[in-house]
Amino acid sequence: MTKTFRTLDDVDVKGKRVLLRVDLNVPMENGRVTDATRLERVAPTITEISGKGGKVILLAHFGRPKGRDPKESLKPVAEALSKVIKRPVAFADDCIGEVAAKAVAALKDGDILCLENTRFHKEEEKNDAGFVAELAKLGDIWVNDAFSAAHRAHASTEGLGHKLPAYAGRTMQAELDALGKALEAPTKPVIAIIGGAKVSTKIDLLENLVTKVDALVIGGGMANTFLHAQGVAVGKSLAEKDLAPTALRIMEKANAANCAIILPVDAVVANQFAANAPSHAYGLDAIPADGMILDVGPQSIARIHAAIDDAATLVWNGPLGAFELTPFDRGTVVSAKHAAERTRAKKLISVAGGGDTVAALNQAGVAGDFSYVSTAGGAFLEWMEGKPLPGVEVLKKA
């Protein structure tokens, strides 16, 4: 997959000023980073460029500031990053202008500098040509290692790729390789597990997947919309009943593409949306009128496991039930463990992504057993929807 993209293998960084776009948008509490996963992900690219004598100049955004806001400064993140990579990370109070230029000029080969939040300038999100030019003055080449921001055509995530020689960093390269193995050129048969609350947020995703995969498992609240469309009484369950025609259209498209749709055949039902609420498994013909479907039932889990067993490649996005509430996390957790077991046995390539998905796999204790887990939310979804990502397109070889 990455043969079609320029990577760090295609450039000598020694002595060069490398503008490296990374994802430093990490969770913070009281000025401290509470989850360093994204910092750990970008560490290999930073240390490789530094180790090869490149001058590393980090570009990143943090939060959604409306102008300069000290609460959304990257300074504490740069300090946390320094601990992760065990090297000094200098910091500049701006990402353009004299402050940035002086900080860059002071760099020796192998030094690392983090520039202030690019979104302190409104021109960043507008991909303003003047702002892109100001950033470009600071570097000789641009390396994009922020797949999670690749669906945005912003100055630092896409614009620079038109001004400077552009390359994919190692994190970006790993993501593109994994995604290529999952959907672009997968080992067949391919199964997708798509869960979550609403069909409305995943219509494009479902419509693209039915043309790419051999079987599609639909779980979570969105499955209720499909069940309702087929005439199943879903009680008080979350369901977008007005989207019944959309659900039927997706099923027809799947049928035409020879993609099997796997819906729940039974469900765990409770009277209230609360942890440890009294619950019972029912067949679909017996869902109580005042009941809420909060998880897939045991027969559905057995069908999902059988589908995973039949697959060579699995793509997963979204939980199968209300996984944040015990015991309604069971369907998601046991299915994730089953997929992890198949992956460990080298019988399955498993790729997962999306915020809730990563949380669910961590909860199941199996995130490290999947072939690849993407920490990118929106970009991962747009890629699964078959949409070109601006920050990736600009890295393609001519």
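What you see is a predicted model; the values in this text were computed from it and never measured. Position labels on residues start from 1 in each chain and follow its written sequence. Predicted model: local features are reported for residues with pLDDT of at least 70 only, side-chain atom pairs are reported and counted for 80 or more only, and whole-chain, interface and lining totals are derived from all residues. In computing side-chain properties, one takes all heavy atoms of the structure into account and sets aside hydrogens as well as water.

Caption draft 1: Looking closely at unusual backbone geometry. For the bond from Lys188 to Pro189, the omega torsion is 0°, close enough to zero to count as cis. Put simply, DSSP marks the helices as runs of H or I at least four residues long and the strands as runs of E at least two long, and each gets a number from the N terminus on. Inspection of the secondary structure puts Pro189 in the loop between helix H6 (170-184) and strand E9 (190-194). With omega at 0°, the peptide bond leading from Thr326 into Pro327 counts as cis. With respect to the element layout, Pro327 can be found in the loop between strand E15 (313-317) and helix H11 (330-344). A positive phi angle, near 60°, is found at Asn276, a position not held by glycine. Along the chain, Asn276 falls in the loop between strand E12 (266-270) and strand E13 (279-283). Summary of the burial criterion: residues with accessible area below 20% of their type's maximum are buried, those above 50% are exposed, and those between are partly exposed, where the area comes from a 1.4 Å probe applied to protein chains only. The class for Asn276 is exposed, based on a relative accessible area of 57%.

Caption draft 2: Geometry of the packing of aromatic side chains. By convention, a stacked pair of Phe, Tyr or Trp rings (six-membered ring in the case of Trp) has centres within 6.5 Å and planes under 30 degrees apart, an edge-to-face pair has planes over 60 apart, and any other such pair is tilted. If you walk through the whole model with that rule in mind, you get two aromatic pairs. Relative to Trp383, the ring of Phe380 lies with its centre 6.0 Å away and its plane at 40°, an arrangement referred to as tilted. Of this pair, Phe380 and Trp383 both sit in helix H13 (residues 378-384), three residues apart, roughly one helical turn. Summarising the burial analysis for this pair, Phe380 and Trp383 share the class buried. In this analysis the charged atom, NZ for Lys or CZ for Arg, is taken to sit over a ring once it is within 6 Å of the ring centre and within 35 degrees of the ring normal. A cation over an aromatic ring shows up here: Arg41 above the ring of Tyr372, its NZ or CZ 5.4 Å from the ring centre.

Caption draft 3: Region of interest: the UniProt feature "binding site: ATP" (unreviewed entry) in the protein chain. With numbering aligned to this structure, UniProt lists the feature "binding site: ATP" (unreviewed entry) at Lys202, Glu324, Gly354, Gly355, Asp356 and Thr357. Restricting the annotated residues to those that line the largest pocket leaves Glu324 and Asp356. Tracing the sequence through the fold places Glu324 in the loop between E15 and H11. By the secondary structure assignment, Asp356 is in helix H12 (residues 355-364). A relative accessible area of 47% places Asp356 in the partly exposed class. Contacts were defined at the residue level, with two residues in contact if any of their heavy atoms lie within 4.5 Å. Contacts of Asp356, omitting those with residues within four sequence positions, involve Pro319 and Phe323. UniProt positions are given in the numbering used here, feature names are shortened, and annotations may be inferred rather than shown by experiment. Cavities and pockets are defined on a 1 Å grid built over the protein atoms alone: a cavity is a set of grid points where a 1.4 Å probe fits but cannot escape, while a pocket is an open set with protein on both sides within 12 Å along at least five of seven lines, and lining residues are those with an atom within 4 Å of any such point.

Caption draft 4: Fine view of the sheet that holds strand E14 (residues 292-296). Paired strands, as defined in this entry, are two strands with at least two bridges between them according to DSSP. The sheet built from three strands is open, its strands ordered E13-E12-E14 with antiparallel pairing. Across the chains shown, the open sheet's two edge strands, defined by having one partner strand only, are E13 and E14. Each strand axis lies, on average, 40° off the axis of its neighbour in the sheet, ignoring direction. In the sheet, E12 pairs with E14 via four bridges, with the strands oriented antiparallel. Residue pairing across strands places Ala267 opposite Val296, the latter belonging to E14. To obtain an axis, a line is fitted to C-alpha atoms, over the contacting stretch when the element is a helix, and the angle between two such axes runs from 0 to 180 degrees between their N-to-C directions.

Caption draft 5: Local environment of the packing of helix H10 (residues 298-310) against H11. Contact geometry of H10 with H11 gives a least axis separation of 10 Å together with a crossing angle of 20°. When the interaxial angle is binned, H10 and H11 end up roughly parallel. Relative to H11, H10 is oriented so that their crossing is right-handed. For the pair H10 and H11, contact is made by Ile301, Ile304, His305, Ile308 and Asp309 and by Arg330, Gly331, Val334, Ser335, His338, Ala339 and Arg342, respectively. Ten residues, namely Ala, Val, Leu, Ile, Met, Phe, Trp, Tyr, Cys and Pro, are considered nonpolar, four, namely Asp, Glu, Lys and Arg, are considered charged, and the remaining ones, Gly among them, are considered polar. Its residues assigned to classes, the contact of H10 with H11 comprises five nonpolar, four polar and three charged. The labels follow the angle: roughly parallel below 35 degrees, roughly antiparallel above 145, roughly perpendicular from 65 to 115, and oblique for the rest. Note: crossing handedness is left-handed where the near helix turns anticlockwise from the far helix by less than a right angle, and right-handed where it turns clockwise.

Caption draft 6: Focus on H11. By this rule the span expected of a helix is its residue count minus one, scaled by 1.5 Å. The terminal C-alpha atoms of H11, which comprises 15 residues, lie 21 Å apart, in line with the 21 Å expected from a rise of 1.5 Å per residue. When we look at burial in H11, the residues that qualify are Gly331, Thr332, Val333, Ser335, Ala336, His338, Ala339, Ala340, Arg342 and Thr343. Its buried side turned inward, H11 meets E14, H10, E15, strand E16 (349-353) and H12. Count one or two residues on from H11 and you reach Lys346, which has phi positive near 65°.

Caption draft 7: Structural context of the pattern of salt bridges. By definition here, a salt bridge exists when the distance from a side-chain nitrogen of Lys or Arg to a carboxyl oxygen of Asp or Glu is within 4 Å. This structure, assessed with the given rule, holds 18 salt bridges. The partner of Asp140 in a salt bridge is Arg17, with the nearest N and O atoms 3.1 Å apart. Pair noted here: Asp140 is in the loop between helix H5 (129-136) and strand E7 (141-144) and Arg17 is in strand E1 (residues 17-21), with a separation of 123 residues, a long-range link. Taking relative accessible area as the criterion, Asp140 reaches 30% and is therefore assigned partly exposed. A relative accessible area of 24% means that Arg17 is categorised as partly exposed.

Caption draft 8: Spotlight on the sheet that holds E7. The six strands lie next to each other as E5-E6-E4-E1-E7-E8, forming an open sheet whose pairing is parallel. Since the sheet does not close on itself, it has two edges, and those belong to strand E5 (90-92) and strand E8 (166-168), each with one partner. Averaged over all neighbouring strand pairs, the angle between strand axes comes to 25°, with direction disregarded. In this sheet, strand E6 (residues 112-115) lies alongside strand E4 (residues 55-59) in parallel orientation, the contact comprising three bridges. Opposite Val56, over in E6, you have Ile112 as the bridge partner. In the packing of helix H3 (residues 97-105) onto the sheet, the strands contacted are E1, E4, E5 and E6, and the crossing angle to E6 comes to about 170°.

Caption draft 9: Structural view of the side chain of Asp23. Along the chain, Asp23 falls in the loop between E1 and strand E2 (28-29). For Asp23, a relative accessible area of 8% corresponds to the buried category. For Asp23, the side chain forms a polar contact with the main-chain nitrogen of Asn25, separated by 2.9 Å. Two N or O atoms count as a polar contact when they lie within 3.5 Å, although within protein this holds only if one can serve as hydrogen donor and the other as acceptor, and sequence-adjacent residues are included solely when both atoms are side-chain atoms. Here the side chain of Asp23 touches Ser148 through a polar contact of 2.5 Å, side chain to side chain. Those residues in contact with Asp23, other than ones at most four positions away along the chain, are Arg38, Val42, Ala146 and Ser148.

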